[in-house]
Amino acid sequence: QVQLVESGGGLVQPGGSLRLSCAASGSIFSVYTMGWFRQAPGKQRERVATMTSGGSTNYADSVKGRFTISRDNAKNMVYLQMNSLKPEDTAVYYCNAVIQRSYTSNPLQYWGQGTQVTVSS
């Protein structure tokens, strides 16, 4: 089994900062792209930021310059530093990772359970 566990969500005022963390654990041979998605009420899930195992990053236009993704490959962890938060950033944030469980298995996509981020005064 593979698990992704997020932490770090919460309530923050506009202009504030939060840091999300996600740890992948279980039967893991290799971790490829890791990233963060979010889903606001009544909206579709959207990609926020992703990072390959080699360090290449990709950000949604709405968060460029405010959010920074990073990862610790040795610990199978990914982080999302969120600065200058806006009310429209309010959503459930999900960790996502493409993981190969063994040398002979195909990489599969896994999701965390989600962590709520609320930006409000």
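Here the structure is a predicted model, which means the values were calculated and not measured.

Trainee: Would you mind going over the state of the cysteines with me for this structure?
Mentor: Here, disulfide denotes a covalent bond that connects the sulfur atoms of two cysteines. Counted by the stated rule, this structure contains one disulfide. Disulfide pairing places cysteine 22 opposite cysteine 95 at an S-S distance of 2.0 Å. Handedness of the cysteine 22-cysteine 95 disulfide follows from its S-S torsion of about -80 degrees: it is left-handed. Here cysteine 95 lies in strand S9 (residues 91-100) and cysteine 22 lies in strand S3 (residues 18-26), a separation of 73 residues in the sequence. Neither cysteine 22 nor cysteine 95 differs from the other in exposure class; each is buried.

Trainee: Could you clarify how one ought to interpret the nonpolar core in this entry?
Mentor: Nonpolar side chains in soluble globular proteins tend to end up buried together. Formed by 31 residues in total, the largest nonpolar core has its most connected members in Trp36, Leu80, Met82 and Tyr93. Taken together, the elements giving at least two residues each to this core come down to strand S1 (2-7), S3, strand S4 (30-39), strand S5 (46-51), strand S7 (67-72), strand S8 (77-82), S9 and strand S11 (115-119). Broken down by element, the residue count for this core peaks at five residues, all from S9. Not counting the four nearest positions on each side in its chain, tyrosine 93 is found in contact with Glu6, Leu20, Trp36, Phe37, Arg38, Val48, Phe67, Leu80, Met82, Gly114, Thr115 and Val117.

Trainee: I tried to follow the pairing of S7 on my own but got confused; where do I start?
Mentor: For a regular strand, side chains alternate in direction, first toward one face of the sheet and then toward the other. Covered by surrounding structure in S7 are Phe67, Ile69 and Arg71 only, the residues Thr68, Ser70 and Asp72 on the alternate face being uncovered. Summarising the sheet, S7 and S8 pair through six bridges and their orientation is antiparallel. When the bridges of S8 are listed, threonine 68 appears paired with glutamine 81. Between S7 and the antiparallel strand that follows it, S8, lie four residues; asparagine 76 among them carries a positive phi value of about 55 degrees.

About the cut-offs
Residues numbered from 1 in each chain as written. Predicted model: local features only at pLDDT ≥ 70, side-chain atom pairs only at ≥ 80, totals over all residues. Heavy atoms only, no water. Disulfide = S-S within 2.5 Å. Helix = DSSP H or I, 4+ residues; strand = E, 2+ residues; numbered from the N terminus. Buried < 20%, exposed > 50% of the residue type's maximum accessible area, 1.4 Å probe, protein only. Core = buried A, V, L, I, M, F, W, Y, C linked by side-chain atoms within 4.5 Å. Contact = heavy atoms within 4.5 Å. Pairing = 2+ DSSP bridges.

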